Amino acid sequence: MKQRIAQFSLLVKDYDEAIAFYTQKLGFVLLEDTQISEIKRWVRIIPPGNTEENCGILLAKAANTHQEQAVGNQSGGRVFLFLYTDDFERDYQNLLDHKIKIFRDRSDEEFGKVVVFEDLYGNLWDLIEPKQ
């Protein structure tokens, strides 16, 4: 048996502000933005350097009160997403340049360099450059 995770949903308050944050501040690529209904869109993004075959993110606008309460806290306050990089210094500086909130400052760990940052809604991300 062969399986893989193709994409996952990330709850957002607003499609356009989420697209702007991920594409303009983090440099993600917008793969698709298709209107499904009057209020629903199919919005897919991937980190730079990924391909459509890699795991992507579906930006899903919260559709009810329960979902709205989960925006920015989909993992109960734990790091939710892990973004690997081939150049930690470049991407760390990008976070600073775009005034992205650093939750826990950079450190050197056994597995590599890491910094924890918040996205526009408060979800925590690890930016990691693994040791070779």
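Preceding block: the structure.
Residues numbered from 1 in each chain as written. Predicted model: local features only at pLDDT ≥ 70, side-chain atom pairs only at ≥ 80, totals over all residues. Heavy atoms only, no water.

**Here's the deal with the packing of aromatic side chains**
Definition in use: Only centres within 6.5 Å qualify two rings of Phe, Tyr or Trp (six-membered ring in Trp) as a pair; their planes then separate them into stacked at under 30 degrees, edge-to-face at over 60, and tilted for everything else. Per the convention used, a helix needs a DSSP run of H or I reaching at least four residues, while a strand needs a run of E reaching at least two, with both numbered from the N terminus. Working definition: with a 1.4 Å probe on protein chains only, accessible area under 20% of the residue-type maximum means buried, over 50% means exposed, and in between means partly exposed.
This structure, assessed with the given rule, holds seven aromatic pairs. Ring geometry for F28 against W125: centres 6.0 Å apart, planes inclined by 85°, an arrangement best described as edge-to-face. One end of the pair, F28, is in the loop between α1 (15-25) and β2 (29-35); the other, W125, is in strand β8 (residues 124-130), and 97 residues separate them in sequence. Comparing F28 with W125, the two get one shared label, buried.

**Side note on the pattern of salt bridges**
Selection rule: We define a salt bridge as a side-chain nitrogen of Lys or Arg found within 4 Å of a carboxyl oxygen belonging to Asp or Glu.
Applying the stated criterion across every chain yields a total of eight salt bridges. Between D33 and R41 there is a salt bridge whose closest N-O contact spans 2.7 Å. Its relative accessible area of 15% is what places R41 among the buried residues. When the shortest N-O distance is used, the salt bridge between E89 and R106 registers 2.5 Å. You can see E89 sitting in helix α3 (residues 88-97) and its partner R106 sitting in strand β6 (residues 102-109), a full 17 residues away along the chain. According to the relative accessible area criterion, E89 is partly exposed, its value standing at 36%. Salt bridges sharing partners connect three or more residues here, namely D16, D33 and R41.

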